[in-house]
Amino acid sequence: MVLRVFLALGLAISTFASAADVSRSNLDTPTVSFAVKPDAFDSPTPVKLGIPYITFPNSESSLLRDTVDWLKVQFGDQLVILPHSEQSLRNAVLGGEIDLFIGSSGFYREFASAGSKDLATLVDDKKKNPNESTAGTVIVRRSRDDLRRLEDLHGRSLAAGSDDFYSGLQMLLHEVKRRDLPYGGFFSRVEITGMPLSEVVDRVIRGEVDAGVVSACYFENLLATNYPHITEVRVLEPRSDSLRCLHTTAPYPGLTIATMPSANPATMRAITRELFSMPPSGTDKALWSAATDFKPVDDMLKALALGPYRHLREWTVSRFLSEYRYVLLGFAVLLVGLFLHSFRTEYVVRRRTAQLQEAMNEQHRMEEAAQEQNARIQLLERQGVVQQLSSMLAHELFQPMTAIGYFTKGLISRIKRGEFDREAYLDILEKIRSLNQQSNAVVEHVRSYAKAKISRSPIDLSSVVTQTVESLRRARIADRPVALRSIVPPDILLVADPLEIELILTNLVKNAAHACAEVPQPEVCVSLERLTEGAQGARIVVSDNGPALTEEEIENLGRLFETTKKDGLGLGISIVRRIAESYGGKLYYRARKPQGLAAEVSLWNPLQAGESAS
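First things first, this report covers the structure right here in the doc. (Residues numbered from 1 in each chain as written. Predicted model: local features only at pLDDT ≥ 70, side-chain atom pairs only at ≥ 80, totals over all residues. Heavy atoms only, no water.)

**Considerations on the state of the cysteines**
- In the structure shown here, the tally under the stated rule is one disulfide.
- Linked covalently through their sulfurs, C217 and C245 form a disulfide whose S-S length is 1.8 Å. Measuring the twist about the S-S bond at about 90 degrees, one finds the C217-C245 disulfide to be right-handed. You can see C217 sitting in the loop between strand 8 (211-215) and helix 7 (218-224) and its partner C245 sitting in the loop between strand 9 (233-235) and strand 10 (256-259), a full 28 residues away along the chain.
- We classify C245 as buried; its relative accessible area is 2%. (Disulfide = S-S within 2.5 Å. Helix = DSSP H or I, 4+ residues; strand = E, 2+ residues; numbered from the N terminus. Buried < 20%, exposed > 50% of the residue type's maximum accessible area, 1.4 Å probe, protein only.)

**Observations regarding the pattern of salt bridges**
- Counted by the stated rule, this structure contains 38 salt bridges.
- Linking D210 and R144 is a salt bridge whose minimum nitrogen-to-oxygen distance equals 2.9 Å. Of this pair, D210 sits in the loop between helix 6 (198-205) and strand 8 while R144 sits in the loop between strand 5 (136-141) and strand 6 (157-160), and the two are 66 residues apart along the sequence. The same class applies to D210 and to R144, which are both buried. (Salt bridge = Lys/Arg side-chain N within 4 Å of Asp/Glu carboxyl O.)

**With respect to the packing of helix 5 (residues 166-178) against helix 9 (residues 295-303)**
- Running from amino to carboxyl end, helix 5 crosses helix 9 at an angle of 75 degrees, the nearest separation of the two axes being 10 Å. The pairing of helix 5 with helix 9 is recorded here as roughly perpendicular in orientation. In this structure, helix 5 contributes Y166, Q170, M171, H174 and K177 to the contact, and helix 9 contributes P296, D299, M300, L301 and A303.
- Residues belonging to the contact of helix 5 with helix 9 are distributed by class as follows: six nonpolar, two polar and two charged. (Axes fitted to C-alpha atoms, helices over the stretch in contact; angles between N-to-C directions. Parallel < 35°, antiparallel > 145°, perpendicular 65-115°, else oblique. Contact = heavy atoms within 4.5 Å. Nonpolar A, V, L, I, M, F, W, Y, C, P; charged D, E, K, R; others polar.)

**Some details on the sheet that holds strand 13 (residues 483-487)**
- The five strands are arranged 13-15-16-18-17 in an open sheet whose pairing can be described as mixed. Of all the strands in the sheet, just strand 13 and strand 17 (587-591) have a single pairing partner and so form its edges. The mean inter-strand angle of the sheet, taken between neighbouring strand axes irrespective of direction, is 20 degrees.
- In terms of strand pairing, strand 16 (residues 537-544) meets strand 18 (residues 597-604) through eight bridges, oriented antiparallel. Following the sheet pairing, A538 is matched in strand 18 by L603.
- Strand contacts of helix 13 (residues 461-474): strand 13, strand 15 (523-531) and strand 16, with the helix running at about 170 degrees to strand 13, the strand carrying the most contacts.
- Sitting on the sheet, helix 14 (residues 498-516) touches strand 13, strand 15, strand 16 and strand 18, and the angle it makes with strand 16 is about 20 degrees. (Pairing = 2+ DSSP bridges.)

Below, the structure written as structure tokens:
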């Protein structure tokens with residue numbers, strides 16, 4: 001009688017035969033015949049079979065009931081049926097109280113490290129592949145258009161039958177992790193309804209939760225029995241694979257019967273033979289088959305830190321070292337590499353710094369030597385400029401000194417004649433003083449240039465060029481008369497020293513005049529052009545119609561002490577070139593057609609377009 005009471009509890013499984021009451025009692029006492037094979041296996045003690053009395057979908061419920069009936073028929077009282085809740089069955093397995101148990105694949109793999117071994121796994125017409133015979137199915141109200149993907153459930157509420165039921169909540173949580181969704185606190189709350197699973201569906205229908213999770217095929221069973229309002233819900237993200245029921249998560253092996261190391265091998269062989277000899281069970285024709293891949297289940301247990309991986313929820317030094325040993329090893333290698341790299345880098349930096357310092361010292365010595373050489377060259381150039389200025393100085397001083405002489409001679413003559421006109425004498429003396437100041441200014445300018453005290457400021461370059469050309473036109477610049485004309489546009493500004501501009505023009509015009517003096521109708525032309533590229537500048541062009549020169553002769557022009565004059569030293573062109581370079585410009589020559597030569601000097605200054613001289 002006691003055995004029948006336990007058996008009734010162990011077989012409390014619904015077949016969902018009635019839609020009005022989806023077996024809320026879930027108790028069904030099977031008819032157990034007496035053993036027809038009392039000696040079917042040789043065991044000194046009865047074999048203890050542990051079964052859960054939780055609700056499974058139809059095929060699992062049917063197969064579980066018929067398996068118990070079949071085994072009792074085959075082995076009689078040599079097989080003891082021990083019904084348990086999920087937790088008590090777990091404790092019984094760990095306590096060595098049972099030899100054989102039936103449970104979900106997740107429940108079975110909890111004890112793999114303790115030596116449990118699967119004997120058979122369920123298949124039926126909807127679950128042809130024993131490796132993919134169960135999954136988690138998420139249901140939502142059909143009217144919830146905002147819930148189309150699993151990601152949409154983030155921050156929503158969920159109903160589940162049990163918090164440790166693998167074919168439901170745990171598979172759903174694993175799916176959340178597999179998709180790299182925010183696992184911690186993914187749902188705003190999870191309501192555990194207990195059994196039967198129809199309570200999960202009812203809460204979704206009533207709108208008390210946003211979604212619910214049940215086992216695969218449970219939804220189809222309710223549809224088949226016309227469960228009230230079942231058409232108001234739908235499956236979220238239904239998958240299509242070998243599991244022919246709508247489901248949301250990846251599939252896993254389903255209901256499994258497994259043995260523990262305490263069981264007699266011969267006994268287990270006999271039980272396995274009988275399991276595979278069972279006729280199909282229920283309307284779905286459920287059978288026991290052999291699953292070959294429990295890795296997805298192991299991955300789920302590890303990801304959720306369940307069963308043999310429950311220790312992963314607690315961090316210890318040994319676990320940390322075990323979990324991250326390769327990371328720590330890599331980090332150590334990285335540190336050693338960084339140390340070696342730092343040491344090598346420091347050594348290289350010290351060596352390169354010493355080399356750089358030596359190079360800088362050498363460069364400093366070279367710069368000092370170059371500065372000394374430049375100073376000597378500049379001294380020579382200034383001396384040459386002074387020599388070149390002598391002719392200009394003589395020309396510029398000739399007129400004021402001659403005028404001073406005439407005024408002085410006239411004044412003396414009047415005094416000798418006894419003439420005395422105070423106003424006339426004061427006017428003559430004032431003119432003499434003015435001419436004297438003009439002469440002093442010319443001399444001081446030459447002295448300033450010789451002392452390298454050049455003062456550059458914004459000037460009207462057009463006016464300076466025009467005045468210089470006029471001065472040269474009045475002077476005798478060659479042994480015979482030479483026509484001198486100019487093309488000078490107005491208002492070209494330049495930051496320059498007027499004396500340097502006069503030096504450039506005087507040297508180039510005199511050279512051009514000497515070059516063309518021997519040809520018929522000699523002519524020299526001075527033109528001024530505005531340069532618009534980049535910083536504002538100007539170009540002075542002095543051209544003549546002298547004899548044609550060869551390319552070699554043109555290349556030699558401007559070299560120190562190189563000249564085409566019989567009595568020249570070649571210093572004038574060197575001075576022009578030096579002045580042009582001090583303005584960031586250059587001097588170059590080009591041949592004219594059919595004869596003659598053009599000397600071009602480009603001069604640059606920092607004034608921007610639009611500025612005017614102050």
